[in-house]
Amino acid sequence: MLEDDLDLELALHSSEDAHSSFSTYSQELQKLHLLQAEMEQAQQSYDELQQMETEVAKCTATVQKGFSVKEDPFVKELDSALQSIGVHRQQYSGGAFIGNHVHKALKLANIQTLCKSLAQTDCLINQQRQNTAQKC
């Protein structure tokens, strides 16, 4: 009889161990799934970061290269605004303003026109930068 009680006690103890082992296995499996999900998120973040770094490198190269005077958006807009108020750069003077063109450019209304054109260009460039950043 004592052996039967001992066998029963061992069976119950083994059953409890098996249940405990299964619970531990189940918990560890849940942890594994959570870690896998976090790894996938980390990989996506890493990929996005690499794309951003590539874009920054492109922008840095562009800035380091610089603009030629003809390509610079501010120079283009300034020339356009100057022409709209009747002021033209003199080719024979290296593009300088001389004489009446200086007086015309320095009138208050014309200064406001020039400032507005540059502010609008700056606004457009910033919008383009934001759109590029949002794509990343």
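Rules behind the numbers
- Residues numbered from 1 in each chain as written.
- Predicted model: local features only at pLDDT ≥ 70, side-chain atom pairs only at ≥ 80, totals over all residues.
- Heavy atoms only, no water.
- Helix = DSSP H or I, 4+ residues; strand = E, 2+ residues; numbered from the N terminus.
- Buried < 20%, exposed > 50% of the residue type's maximum accessible area, 1.4 Å probe, protein only.
- Areas by Shrake-Rupley, 256 points an atom, 1.4 Å probe, with all protein chains shown as cover.
- Salt bridge = Lys/Arg side-chain N within 4 Å of Asp/Glu carboxyl O.
- pLDDT = per-residue confidence, 0-100.
- Polar contact = N/O pair within 3.5 Å; in protein donor to acceptor, adjacent residues only side chain to side chain.
- Contact = heavy atoms within 4.5 Å.
- Expected span 1.5 Å × (residues − 1).
- Patch = residues over 30% accessible without salt bridge, like charges linked within 9 Å, V, L, I, M, F, W, Y side chains within 5 Å.

**Some details on the overall build of the protein**
- From N to C terminus, the protein includes four helices and zero strands.
- For the protein, with 136 residues in total, the buried portion stands at 10%.
- For the protein, the accessible surface area stands at approximately 11400 Å², while carbon and sulfur atoms represent 57% of it.

**Some points on the pattern of salt bridges**
- According to the stated counting rule, one finds one salt bridge in the structure shown.
- For lysine 31, the salt bridge identified is with glutamate 28, shortest N-O distance 3.5 Å. With lysine 31 and glutamate 28 both in helix 1 (residues 2–65) and three residues apart, this pair spans about one turn of that helix.
- Judged by its relative accessible area of 46%, lysine 31 is partly exposed.
- Looking at glutamate 28, the relative accessible area reads 42%, which means it is partly exposed.

**A few points about the confidence of the model for the protein**
- In the predicted model, the protein carries a mean pLDDT of 78, and the fraction of residues at 70 or more is 71%.
- No element of the protein has a lower mean pLDDT than helix 1, at 75, and none a higher one than helix 2 (residues 73–84), at 86.

**Focus on the side chain of serine 117**
- Within the fold, serine 117 resides in helix 4 (residues 108–135).
- Classification of serine 117 by relative accessible area gives buried; the value is 5%.
- A polar contact of 2.7 Å, which involves the side chain of serine 117, links it to the backbone oxygen of leucine 114.
- When sequence neighbours within four positions are dropped, the list of residues in contact with serine 117 reads Glu77 and Ala81.

**Section: helix 2**
- In a regular helix each residue adds 1.5 Å, so 12 residues correspond to 16 Å; helix 2 covers 16 Å between its end C-alpha atoms and thus fits that length.
- Sitting at the head of helix 2, aspartate 72 places a side-chain oxygen 3.0 Å from the backbone nitrogen of phenylalanine 74.
- Positioned one or two residues after helix 2, glycine 86 has a phi angle of 85°, which is positive.

**Quick notes on a nonpolar patch on the surface**
- Together, Phe97, Val102, Leu106 and Ile111 make up an exposed nonpolar region whose accessible area comes to about 320 Å².
- Residue classification places valine 102 among the partly exposed positions, given a relative accessible area of 31%.

**Details of the side chain of threonine 121**
- Within the secondary structure, threonine 121 is located in helix 4.
- Note on threonine 121: relative accessible area 9%, which makes it buried.
- A distance of 2.9 Å separates the side chain of threonine 121 from the backbone oxygen of serine 117, its partner in a polar contact.
- Aside from chain neighbours lying at most four places away, what touches threonine 121 is Pro73, Phe74 and Glu77.

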